[in-house]
Amino acid sequence: MRSPHTFDPELAAALVMMPEVDISDLASARAAQARQLASAPGASDTAGVEVGELRVPGPPGAPHVRLRVYRPRRRTRAAADPLPVVYGIHGGGFVLGSPDVDHDWNLLLCRELEVLVASVDYRLAPEHPFPAALEDCYAGLCALADGAGALGIRADRIALWGDSAGAGLAAGLTLLCRDRGGPEACFQHLCSPALDDRLETPSARLFTDTPVWNRRNARLSWEAYLGKDVRATAAVPAYAAPARATARALTGLPPAYISVMEFDPLRDEGMAYAHALTGARVPTRIRMLPGTFHGAWAVEHAAVIRDATREAVDVLGTALGRR
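Source: prediction; values computed, not measured. (Residues numbered from 1 in each chain as written. Predicted model: local features only at pLDDT ≥ 70, side-chain atom pairs only at ≥ 80, totals over all residues. Heavy atoms only, no water.)

A.B. asks: Quick one: what's the story with the sheet that holds strand S4 (residues 116-121), residue by residue and with numbers?
C.D. replies: In space, the eight strands of this open sheet follow the order S1-S2-S4-S3-S5-S6-S7-S8, with mixed pairing throughout. Edge positions in the sheet fall to strand S1 (49-56) and strand S8 (284-293), since each has one partner strand and no second. Between one strand and the next, the sheet's axes are offset by a mean angle of 20 degrees, whatever the strand orientation. Across seven bridges, the pairing between strand S7 (residues 256-263) and S8 is parallel. Pairing of Ala256 across the sheet is with Thr284, part of S8. This element, helix H11 (residues 267-279), spans strand S6 (187-191), S7 and S8 of the sheet and lies at about 155 degrees to S7. Where helix H12 (residues 303-319) meets the sheet, it contacts strand S5 (153-163), S6, S7 and S8, and its direction lies at approximately 160 degrees from that of S8. (Pairing = 2+ DSSP bridges. Helix = DSSP H or I, 4+ residues; strand = E, 2+ residues; numbered from the N terminus. Axes fitted to C-alpha atoms, helices over the stretch in contact; angles between N-to-C directions. Contact = heavy atoms within 4.5 Å.)

A.B. asks: Describe the layout of surface pockets, naming the residues involved and giving the relevant values.
C.D. replies: One number sums up the size of the largest pocket: a volume of about 1500 Å³. Gln36, Val101, Gly295, Trp297 and Ala298 are, among the 46 residues lining the largest pocket, the residues nearest its centre. Per-class residue counts for the lining of the largest pocket are 22 nonpolar, 13 polar and eleven charged. The space that makes up the second largest pocket amounts to roughly 160 Å³. (1 Å grid on protein atoms, 1.4 Å probe; cavity = no way out; pocket = protein on both sides within 12 Å on 5 of 7 lines; lining within 4 Å. Points joined across faces, edges and corners; volume = space filled by probe spheres on them. Nonpolar A, V, L, I, M, F, W, Y, C, P; charged D, E, K, R; others polar.)

A.B. asks: Summarise empty space enclosed by the protein; cite the residues concerned and give the values.
C.D. replies: Using the criterion set out here, one finds one cavity of 30 Å³ or more in the structure. What the largest cavity holds in volume is close to 40 Å³. Of the residues that constitute the lining of the largest cavity, the class distribution is seven nonpolar, three polar and no charged.

A.B. asks: Requested: an account of unusual backbone geometry, with residues and values cited.
C.D. replies: In this model, Ala125 is joined to Pro126 through a cis peptide bond whose omega is 0 degrees. Looking along the chain, the bond that leaves Phe130 and enters Pro131 is cis, with omega of 10 degrees. Along the chain, the position of Pro131 falls in the loop between S4 and helix H5 (132-146). The backbone of Phe94 shows a phi angle near 70 degrees, a positive value even though the residue is not glycine. Structurally, Phe94 is set in the loop between strand S3 (83-89) and helix H4 (103-113).

Below, the structure is given as structure tokens:
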């Protein structure tokens, strides 16, 4: 059956090899992802990068938080200079994923920009609903900033990066840090962000059959994260769904870069958030990738993705003083 969506030809050709994501059977979805990722870290090219792990204190009463840390081995800049940081938050609809998901991307950022990359392994819903994941992300960020001297990093040069649910967590984290007086990120880089539990935008209503992510998956993920009876009610705070933040609440946040996919139920909430940030006088850039679908980043050879990757690296590099 011909798709009603005009996908980029290279992406369309790759779709037949991409596994379908269905989180209605979460145990099966997790098992499928685990099989897919089982060999990924070992197969990746780690040349020039030292990959390690930190376990830092978690939120009060919660377990420690694991951070996978990427540090450049060879540096063209003065070795004694503290490193800027990318704090990465993986996607997975709040219910899937681990630092393994972004392993190759984190290696690329570390190598290309000569920065320390820390990827946080936060607790997943529905076993650990909001605010567990956000609090884990906050605890990990605080530990990095507090240990900046010992880690050889710059606490004033930390960029937040996230994809999908991870981007929603990154956006919520900027609000939480600002309101608690926590670490001040210098930049927020949000890819296909999950920001609005109400799913009332045109793209959220339209894209019920798109690859990888669709309206049903989006609804199930928010219900797992917030609770079925809480989603789309007035009880949802902006820390959980940043699209609910008022213009006043967005004032003073770090500059942002937001990229969205054309055929993605999350497209319009990302664009609306970019406009809301701009309205709150937060310097913001928005980029829509034509012919793409949620998760198209995985098709690394496609020209549209290569171009977007170059831009994403340049944007982060500029924000961190590496360009």
